[in-house]
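Coordinate analysis (summary)
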Amino acid sequence: MRGFVVLVSLACFATAQHQALIDYLERRLLAIEDRISLWHEQTTRYASELRELKQQMVSQLENLDKEKETLRTNLDSVGSRVDRVERELDYLETQNGAQPCVDVDDKLIEQQVTLVKEKQRAKYSKLSDCSDMISSIKAMKILKRVGGPKGMWTKDTSRASGKVYIFNGTDEDTIHEFATIQDLTRSLGLSQSKSLKLPSAWTGTGHIVYNNHAYYISQAEEIMLVKYDMKNSSVTDTAVFPVQDHVPVYGLTPETVMDLAVDEEGLWGIYATRQNERHISLAKMDAKSLDIEQMWDTNCPRDNAEAAFVICGTLYVVYNSKQPGRSRVQCVFDVNDMVTNEDAPLIYFPKRYGTHSSLKYNPQEQLLYAWDDGYQILYKLVMKKKLEV
């Protein structure tokens, strides 16, 4: 009988322990649910704050444009005042003879120039934290010859990934993926690559890989921009680029009707229209929605242009040089008005095989990925600050 009582007591004790464990687990689950709920509320609030910040930045940029126009008007007014002062000084000199030189007009002009420079620096610092520009090309490395005369190769420009992507040709639908650059160099042709088949063929060589998505142009009557998720093998979004009567963006690469580029600021579109067919145009785009944020008409000619790329909001257009076997950056356009053709250094590319059908800048590595007559080439860049020019 005593043994039975002991067994019953042990069973009751085990049941109490089991119930205590269940109660503890329930309390922990409730605490975890509370933390998940708090995290969700904080994430929603942060997303709302980011949207508000974006709206504020857009408003500030519009105000800066208005201030720029006001400053320009003020400078015109100052110029008129300087002319009037000069006429009055000339009159006083004829009436009273030579007076001690004061150089009033030079001081006024110097003050206005200083004011303009300060305004430009302030404007640039508000628009972007990126202030790099090319100083020179440090080195050239020929990695491989894979594919036809025209194509494009790149890494994912937003990630520190080692994967390499080959877009062979100007009218295909299969991307070739290599795990590393070393795999590309060791591969016999494209035999060791992984094939990623797109739902439609691309046009030209203006594609880009950004944030695990392939952005490419599928052209019919209109310029159709396709955003393809390479991880999930699905089309994330499509958009018709809002221009009419488009023409090839480069005179020497007529298959490319639009060239996509990525820099430290995000996604850009390089294009040309019949209305401004002698020159290249530039658009800043939202990589998520494919919306157009702003558009510019540049002074860079299409004629004799091979390819182009963007670094820190500055468009660099590469032309076929008169020197045999060489190309050079002959036109730059800075959306922030900090660099002009007169400021930019002369940049020659080393000896090449044919014509660059594509040049893709990787902001993570500060390298240019070039396709030259089937050769995959890397250009290592030397950078400097824009304010140092």
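Fair warning: this is a prediction, and the values are worked out from it, not measured in the lab.

Brief notes about the overall build of the protein
- A count of helices and strands for the protein gives three helices and 20 strands.
- In the protein, buried positions account for 40% of the 389 residues.
- Partitioning the intrachain contacts of the protein with sequence separation of at least 6 by distance along the chain shows that 54% fall at a separation of at least 24.
- Accessible surface for the protein amounts to roughly 22000 Å². Of this, 51% is attributable to carbon and sulfur atoms.

Regarding the state of the cysteines
- One pass over the structure, following the stated rule, counts two disulfides.
- Each disulfide pairs two cysteine sulfurs, and for Cys130 the partner residue is Cys312, the sulfurs being separated by 1.6 Å. Linking Cys130 in the loop between helix H2 (104–127) and strand E1 (132–145) with Cys312 in the loop between strand E14 (305–311) and strand E15 (314–320), this pair joins segments that are 182 residues apart in sequence.
- We classify Cys312 as buried; its relative accessible area is 1%.

Focus on the sheet that holds strand E18 (residues 356–362)
- Pairing within the open sheet is antiparallel, and its four strands lie in the order E1-E20-E19-E18. Each end of this open sheet is capped by a strand with a single partner; those strands are E1 and E18. Each neighbouring strand pair of the sheet contributes to a mean axis angle of 20°, computed without reference to strand direction.
- Looking at chain direction, E1 and strand E20 (residues 375–385) are connected through 11 bridges and run antiparallel. The partner of Ile142 across the bridge, within E20, is Ile377.

Concerning the packing of aromatic side chains
- Counted according to the given criterion, the structure contains seven aromatic pairs.
- For the cation-ring pair, Lys284 lies above Trp268, with the distance from its terminal atom to the ring centre recorded as 5.6 Å.

With respect to unusual backbone geometry
- A positive phi angle, close to 55°, is found at Asn211, a residue other than glycine.
- Looking at where Asn211 falls in the secondary structure, it is placed in the loop between strand E6 (208–210) and strand E7 (213–219).
- With a phi close to 65°, Asn212 is a non-glycine residue in the positive phi region.
- The residue Asn212 is located in the loop between E6 and E7 in this model.

Rules used throughout
Residues numbered from 1 in each chain as written. Predicted model: local features only at pLDDT ≥ 70, side-chain atom pairs only at ≥ 80, totals over all residues. Heavy atoms only, no water. Helix = DSSP H or I, 4+ residues; strand = E, 2+ residues; numbered from the N terminus. Buried < 20%, exposed > 50% of the residue type's maximum accessible area, 1.4 Å probe, protein only. Contact = heavy atoms within 4.5 Å. Areas by Shrake-Rupley, 256 points an atom, 1.4 Å probe, with all protein chains shown as cover. Disulfide = S-S within 2.5 Å. Pairing = 2+ DSSP bridges. Axes fitted to C-alpha atoms, helices over the stretch in contact; angles between N-to-C directions. Phe/Tyr/Trp six-rings, centres within 6.5 Å; stacked < 30°, edge-to-face > 60°. Lys NZ or Arg CZ within 6 Å of the ring centre and 35° of its normal.

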